[in-house]
Amino acid sequence: MSGKIDRRNRRLIAAMAMLVITLAGCTASTRIESGVTWVNPGEQRIVLTAAGFKATRPIRVKYTDVWQTQEYALFRAEGRQCEMVYAEASKAFTVALDYQMPIEEMVVTWNLNSRQNLIWGPLGRIDRRFGTWFYRPYKISDLQRPCVGFMVEWDQIYEDPQGRPGKVLFGYFCGSGAETLEDQEIRVLIGGFSVRMLGESTGEQQADPLPNAGSEKTPAIAAARGDNPSAESGNPDFPFMFARYYSMKNGGKFK
């Protein structure tokens, strides 16, 4: 009899534990999704000044919590596509961004690249006043599209024992199948990327996110993540959970 009771108790405990985990996951997911909204006109952070995108209006989505803010941006024009995420740690807390993705790993998080055979070129770098850009060209072999993945991190937090950054920008650009993408063209392209402080003007059009006019049909989080399994834009990992609490005592680890 006692053996049967023990087994029943174990099953009950296991079922209750699974329920708690499921509810906790739903709560966390709901909390994250509630923090994802469209970027209002004039509040855009990511700037792209490449000539090929001047006539386009990008799709922009933002995520905000008490530890970090992020912006997702999608630019499309004449067969070209560029997607980026900008993340910034909150200055109200002792928080740094724990960005750990090599370019190859970062590139395949994007829907356009995730199901493709990628042929990689050599790693490159560009030193600029606010940080060092790293980039790596690649080709989507089945589509014959020339692309480049890139990232930059800056505003290093020196109080953080690991010296992690407070800001990071990363993403990719893909040309049309008829284009080539030489190293000098990549350097010019990346030279047109920047992040603006709120309140500053930019040379691009006011960011009126395209789906805002029909946002009842397309939630912001679906636009940023890709709204179906075969989506050719978006990143299912958005928003990225980069924020990490640090202190001099625990070496930047969670307590």
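Rules and cut-offs
Residues numbered from 1 in each chain as written. Predicted model: local features only at pLDDT ≥ 70, side-chain atom pairs only at ≥ 80, totals over all residues. Heavy atoms only, no water. Disulfide = S-S within 2.5 Å. Helix = DSSP H or I, 4+ residues; strand = E, 2+ residues; numbered from the N terminus. Buried < 20%, exposed > 50% of the residue type's maximum accessible area, 1.4 Å probe, protein only. Phe/Tyr/Trp six-rings, centres within 6.5 Å; stacked < 30°, edge-to-face > 60°. Core = buried A, V, L, I, M, F, W, Y, C linked by side-chain atoms within 4.5 Å. Contact = heavy atoms within 4.5 Å. Polar contact = N/O pair within 3.5 Å; in protein donor to acceptor, adjacent residues only side chain to side chain. Arc of directions from axis to C-beta. Patch = residues over 30% accessible without salt bridge, like charges linked within 9 Å, V, L, I, M, F, W, Y side chains within 5 Å. Areas by Shrake-Rupley, 256 points an atom, 1.4 Å probe, with all protein chains shown as cover. Salt bridge = Lys/Arg side-chain N within 4 Å of Asp/Glu carboxyl O. Pairing = 2+ DSSP bridges.

A few words on the state of the cysteines. Throughout the structure, instances matching the rule amount to one disulfide. Here C147 engages in a disulfide with C174; their sulfurs sit 2.0 Å apart. Across the S-S bond of C147 and C174 the torsion is about 105 degrees, and the bridge reads as right-handed. With C147 in strand β10 (residues 145–156) and C174 in strand β11 (residues 165–174), this residue pair connects regions lying 27 residues apart in the sequence. Per residue, the accessibility class of C147 equals that of C174, and both read buried. Of all cysteine sulfurs in the structure, the one in C174 sits closest to C82, which takes part in no disulfide; the separation is 9.0 Å.

For the structure on display, the rule yields 16 aromatic pairs. Here the aromatic rings of Y99 and F242 are separated by 5.5 Å at their centres, their planes lie at 70 degrees, and the arrangement is edge-to-face. In this pair, Y99 sits in the loop between β6 (95–97) and α2 (103–107) while F242 sits in the loop between α5 (220–225) and β13 (243–245), placing the two residues 143 residues apart along the sequence. The exposure classification of Y99 matches that of F242, with both residues buried. Measuring from ring centre to ring centre gives 5.2 Å for F170 and F240, while their planes differ by 90 degrees; the resulting arrangement is edge-to-face. Pair noted here: F170 is in strand β11 and F240 is in the loop between α5 and β13, with a separation of 70 residues, a long-range link. For the pair formed by F170 and F240, the shared burial category is buried.

Once that is clear, we can look at the nonpolar core. With 36 residues, the main nonpolar core has V61 and F170 as its most contacted residues. For V61, the contacting residues outside a window of four places in its chain are V36, T37, W38, V39, Q70, E71, Y72, A220, A223, A224 and F238. In this structure, I46, L48, Y135 and V152 belong to the second largest nonpolar core, which totals 23 residues.

On to the environment of S230, then. Examined against the element boundaries, S230 turns out to sit in the loop between α5 and β13. The spatial distance from the C-alpha of S230 to the C-alpha of N111 is 7.8 Å, given a sequence separation of 119 residues. At 2.9 Å, the side chain of S230 forms a polar contact with the side chain of N228.

Turning to the environment of Y63, a few remarks are in order. Counting through the fold element by element, Y63 comes out in strand β3 (residues 59–64). The exposure class of Y63 is buried, given its relative accessible area of 4%. For the pair Y63 and W38, spaced 25 residues apart in sequence, the C-alpha to C-alpha distance is 8.8 Å. There is a polar contact of 2.8 Å between the side chain of Y63 and the side chain of D65.

Once that is clear, we can look at the side chain of R60. Residue position: R60 is located in strand β3. Within the structure, R60 has its side chain in polar contact with the side chain of E71 (distance 2.6 Å).

Next up on the list: helix α4 (residues 183–191). What α4 keeps buried is the set I186, L189 and I190. Looking straight down α4, one finds its buried side chains confined to an arc of 95 degrees; they lie on one side. Exposed positions of α4 whose direction lies more than 90 degrees from the buried face are Q184 and V188. Those residues of α4 that are buried lie in contact with β8 (124–128), β9 (131–140), β10, β11 and β12 (193–195).

With that out of the way, let us pick up a nonpolar patch on the surface. Where nonpolar side chains cluster on the molecular surface, the patch consists of V66, W67 and F93 and spans about 310 Å² of accessible area. Topologically, V66 is positioned in the loop between β3 and β4 (68–77). Given a relative accessible area of 47%, V66 falls into the partly exposed group.

Sheet faces and side chains relate simply in a regular strand, where the side chains alternate between the two faces. In terms of burial, β9 is largely enclosed, as seven of its 10 residues are buried. Bridge count between strand β7 (residues 118–120) and β9: three bridges; the pairing is antiparallel. Its bridge partner lying in β9, L118 is registered against I140. With five bridges connecting them, β8 and β9 associate as antiparallel partners. Each bridged residue has a counterpart across the sheet, and for G124 the counterpart in β9 is Y135.

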